[in-house]
Amino acid sequence: MSGEDKSSILSAVNFPEDIRRLDLAQLNRLAGEIRGKIIDVVSRNGGHLASSLGTVELTLAIHYVFNTPRDKVVWDVGHQAYAHKIITGRKNLFHTLRTKGGISGFPRREESLYDVFNTGHSSTSISAAIGMAEARCLNGGDFKILAVIGDGSISAGMAFEALNWAGDRNKNLIIILNDNELCISPNVGAMSSYLNRIMTGHTVTRFKTELKNFLKSIPSIGEQMVKFSKQVEESLKGLVLPGVLFEELGFTYVGPLEGHRLDNLIKNLKNVRELEGPVLVHVITKKGQGYKFAEDDPAKFHGIAPFKIDTGEPVDDGAPPLSYTKMFGRTVIKLARDNSRIVAVTAAMSEGTGLDEFAREYPGRFYDVGMAEQHGVTFAAGLATEGLIPIVAIYSTFLQRAYDQILHDVCLQKLPVVLALDRGGFVGADGPTHHGLFDFSYLRSIPNIIVMAPKDENELQHMLKTAVECGGPVSIRYPRGRGVGVPIDDIPVSLAVGKGEIVYGAENANLAIVAIGSTVYPAVAAAAKLKAEGINARVINARFVKPLDEGLLCDTANSIKRIITVEENVLMGGFGSAVLELFEEKGIHDVIVKRLGIKDKFVEHASQKELRGMYGIDEEGIIAAVQSVMEP
Ligand SMILES: Cc1ncc(C[n+]2csc(CCOP(=O)(O)OP(=O)(O)O)c2C)c(N)n1
């Protein structure tokens, strides 16, 4: 980037071979400079700050000791890999992080040889790494393979499955467990408690030494007792040796290591490099290390919008309109007040989903299951069998993990589980791993489920009320970010299931725009503009992807004959497809239908506004589509 201080160590570092020439003092200085760069860029572009600050020394030590890119490093989630990006040829592009056309916030094979596996969703690194290790056996090769995974991400089912398997295969594989005791909020679960006991295990080791010295000091029988205690040590292993769980699974356990001491990390990783078989290196780091505001409030700085470096406060001061997330959180509290059967479930995202306020108000009715979407959904199904109404708040993209659980455990049994899908549609800078563009398609094909999407934050509260009262599986998806800014009704009311509404247009309309969710307001704005051109468009807010308002849609098709559907979802199997299927089923063939949505491709990162424009589902895109349909 221009303006780089030429006297800095970083100015001479572009690739890992550059850092391998540095001495310890220089490496420590480099760590500070990299932190400065990360803070600077994230303060302008937003991003995953706290996790990336926590892994700077670990990243340097890995690239220092291992022969990357020949040796391969898989970063789990990949949100902690900013330092990795900076020292693997992307320093001069780092200012473009997460912006349209710029580098991604996650590892991308398309971006660099040093990114060996694309990530974004958690807990995949061990599976991917053991896959590479098995391939190395078949293909031949003697390179090292590392998976770097956090204590939150290792708590997911997939990571357990991979540990279970990798421990047994006995291939050379190094797992680095980056333990900062935090997921986004404090980590949960028995694994987390276990890791915590290891961290405080120094006390146990000290106790063992002290006990041995004490026994030795007892005249005549002391030495005998020490011998005896050695014999029983094997059986005491579980109590006194750190990492025995991993040892029992087949891994050589190394640690716990202080993750911000480069000398310590480098020395130990050099030893680890020489070990055979699966190894687990337990590294203790601090989330947000080196930036006070992030250290003090790592949850806030986990994924952060642009902020002022000197105060840690957002550039955008969070003024109204209310976000969908906030509206959701408030409504759940409101509904729970009147209905003691309502409980709430999150998979490690209490702040992100807006359930944090509910957790404070109703701690006994709130469950954070950790990064375990599959477990979360089936757990909710279990709650529902006992008469509770679980509201499961999971981002659209992460709910993809729990597809079979929704189908098999919730919908097949018609259980009253409410799925609240935040971040439906484009999420912006997090890109293809995080856009919630598939849920209409993956949900509407499952029998028994009601699928809805509100046009604004006020309708969201009414949909939630509808959902908790409908007595079966139901999903509501809503966008990332602020609401439309509409007035909020005091009391949420139940909507008629499967009924849409006409929100714009007169009787004599010559075209209908049938929109759902975030596309309703742009459709109304488009229709208002089109009026000046003599095009009378009716706009329907469909509200429900399933069941569709068959009466309204068929009447519209029969009387107006030109229909445009708009959705912030992939076209395949989405809302527009549902409308087409309806017309086919009802024998309505003399209608022109144009579907607007996302064509069959993964969508890159850019702002939500840019993406809505690029994919033609904003006001201008809708106007253009209407004009093309109206052309004689
Ligand atoms: C399947 C899935 N669920 C949820 C998330 C959202 N998420 C991203 S990072 C993160 C916490 C990760 O914790 P940990 O692995 O301990 O890493 P840390 O950020 O603490 O370094 C969560 C919940 C995700 N990326 N993937």
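Asker: Quick question: what am I supposed to make of the overall build of the chain here?
Answerer: Across its full length, the chain holds 26 helices and 17 strands. By its C-alpha atoms, the chain is 105 × 60 × 50 Å across when sized along the principal axes. A buried classification covers 50% of the 632 residues belonging to the chain. For the chain, the share of sequence-separated contacts (at least 6 apart) that also reach a separation of at least 24 residues comes to 77%.

Asker: Would you explain the site of the ligand in this entry?
Answerer: The environment of the ligand is made up of 23 residues, and the closest members are Ser51, Ser122, Gly150, Gly152 and Ser153. For the shell around the ligand, the residue count by class is 8 nonpolar, 11 polar and 4 charged. Each of domain 1 (10–201 + 242–296) and domain 2 (324–477) accounts for three or more of the residues forming the shell around the ligand.

Asker: Is there a simple way to think about the environment of Gly573 in this case?
Answerer: Checked against the element boundaries, Gly573 lands in the loop between strand S16 (562–570) and helix H24 (575–585). Along the sequence, Gly573 and Pro69 sit 504 residues apart, while their C-alpha atoms lie 40 Å from each other. Residue contacts for Gly573: discarding those within four places in its chain leaves Ser441 and Ser445.

Asker: Would you mind showing me how to read the pairing of strand S8 (residues 389–393) here?
Answerer: Two faces, one strand: in a regular strand the side chains alternate between the faces of the sheet. Burial of S8 is extensive: 5 of the 5 residues sit out of reach of the surface. Burial of S8 is two-sided: the residues Ile389, Ile391 and Ala393 facing one way and the residues Pro390 and Val392 facing the other way are all buried. Pairing between S8 and strand S9 (residues 418–421): 3 bridges, direction parallel. Looking at the pairing, Ile391 lines up with Val418 of S9.

Asker: It is not clear to me how helix H26 (residues 619–630) should be interpreted in this structure. Could you clarify?
Answerer: Owing to its 3.6 residues per turn, the α-helix aligns residues three or four sequence positions apart on the same side. Helix length check: H26, at 12 residues, gives a terminal C-alpha distance of 16 Å against a target of 16 Å (1.5 Å per residue), a fit within 8%. Residues Ile622, Ile623, Ala625 and Val626 constitute the buried set of H26. All buried residues of H26 project into a common sector of 165° when viewed along the axis, lining one side. Exposed side of H26, more than 90 degrees from the buried face: Gln627 and Ser628 are the residues found there. The secondary structure elements touched by the buried residues of H26 are strand S13 (511–515), helix H22 (520–531), strand S14 (537–541), S16 and strand S17 (592–598).

Asker: Would you mind going over the environment of Ser441 with me for this structure?
Answerer: Along the polypeptide, Ser441 turns up in helix H20 (residues 439–444). Between the alpha carbons of Ser441 and Phe575 there is a distance of 7.5 Å; along the sequence they are 134 residues apart. Leave out the neighbours within four places in its chain, and Ser441 touches Asn569, Val570, Met572, Gly573 and Gly574.

Asker: Just checking my understanding: could you explain the packing of helix H14 (residues 324–338) against helix H21 (residues 457–469) for this structure?
Answerer: Helix packing for two helices is described by the angle between their axes and how far apart those axes are. Orientation of H14 relative to H21, taken along the N-to-C sense of each, is 40°, at an axis distance of 9 Å. As judged from the angle between their axes, H14 and H21 are oblique. The handedness of the crossing between H14 and H21 comes out as right-handed. Contact residues: Tyr324, Met327, Phe328, Thr331, Val332 and Leu335 in H14; Glu457, Leu460, Gln461, Leu464, Lys465 and Val468 in H21. Residue composition of the contact of H14 with H21, by class: 8 nonpolar, 2 polar and 2 charged.

Asker: Is there a simple way to explain the sheet that holds strand S1 (residues 72–75) in this structure?
Answerer: The strands that make up a sheet pair up through hydrogen bonds in the backbone, lying either parallel or antiparallel. Sheet architecture is open: 5 strands sit in the order S1-S2-S3-S5-S4, paired in parallel fashion. With partners counted over all chains shown, the strands left at the sheet margins are S1 and strand S4 (252–258), one partner each. With strand direction ignored, the average angle separating the axes of adjacent strands in the sheet is 20°. Direction of pairing for strand S2 (residues 145–150) relative to strand S3 (residues 173–179): parallel, over a ladder of 5 bridges. Note that in S3 the partner of Val148 across the bridge is Ile176. Sheet strands in contact with helix H6 (residues 125–139) are S1, S2 and S3, and its direction is about 175° off that of S2.

Asker: Just checking my understanding: could you explain the nonpolar core for this structure?
Answerer: The nonpolar side chains of a soluble globular protein tend to be buried with one another. If you look at the biggest cluster of nonpolar residues, it comprises 173 residues, and the most contacted ones within it are Leu146, Val392 and Ile513. Not counting chain neighbours up to four residues away, the residues in contact with Leu146 comprise Ile62, Phe66, Lys72, Val73, Val74, Ala129, Ile174 and Ile176.

Asker: Help me out: how do you make sense of unusual backbone geometry in this one?
Answerer: Following Thr68, the chain continues into Pro69 via a peptide bond in cis, with omega recorded as 5°. Between Lys546 and the following residue, Pro547, the backbone shows a cis peptide bond with an omega angle of -5°. As for its placement among the helices and strands, Pro547 is situated in the loop between strand S15 (544–546) and helix H23 (550–560). Here the phi dihedral of Asn170 falls at roughly 60°; this positive angle occurs in a residue that is not glycine.

Asker: Where do I start with the domain arrangement of the chain in this structure?
Answerer: Quoted interface sizes are often the accessible area lost when the parts come together. Considered domain by domain, the chain is made up of domain 1 (10–201 + 242–296), domain 2 (324–477) and domain 3 (501–630). Its C-alpha centre places domain 1 at a distance of 31 Å from the equivalent point of domain 2. Domain 1 puts 19 residues into the contact, and the matching count from domain 2 is 17 residues. Split into classes, the residues belonging to the side of domain 1 that touches domain 2 amount to 5 nonpolar, 13 polar and 1 charged.

Asker: Please explain the sheet that holds strand S11 (residues 474–477) as it appears in this structure.
Answerer: Spatially, 7 strands are ordered S7-S6-S8-S9-S11-S10-S15 in an open sheet, and the strand pairing comes out mixed. Looking at which strands have only one partner, the edges of the open sheet turn out to be strand S7 (366–368) and S15. With direction set aside, neighbouring strand axes in the sheet form an average angle of 20°. The pairing of strand S10 (residues 450–452) with S15 spans 2 bridges and is classified as antiparallel. When the bridges of S15 are listed, Met452 appears paired with Phe544. This element, H14, spans strand S6 (342–346), S8 and S9 of the sheet and lies at about 150° to S6.

What counts and how
Residues numbered from 1 in each chain as written. Predicted model: local features only at pLDDT ≥ 70, side-chain atom pairs only at ≥ 80, totals over all residues. Helix = DSSP H or I, 4+ residues; strand = E, 2+ residues; numbered from the N terminus. Buried ≥ 20, exposed ≤ 12 C-beta atoms within 10 Å, placed from the backbone. Contact = placed C-beta atoms within 7 Å. Near = placed C-beta within 6 Å. Nonpolar A, V, L, I, M, F, W, Y, C, P; charged D, E, K, R; others polar. Domains from an automatic or database assignment. Pairing = 2+ DSSP bridges. Expected span 1.5 Å × (residues − 1). Arc of directions from axis to C-beta. Axes fitted to C-alpha atoms, helices over the stretch in contact; angles between N-to-C directions. Parallel < 35°, antiparallel > 145°, perpendicular 65-115°, else oblique. Left-handed = near helix turned anticlockwise from the far one by under 90°. Core = buried A, V, L, I, M, F, W, Y, C linked by C-beta atoms within 7 Å.

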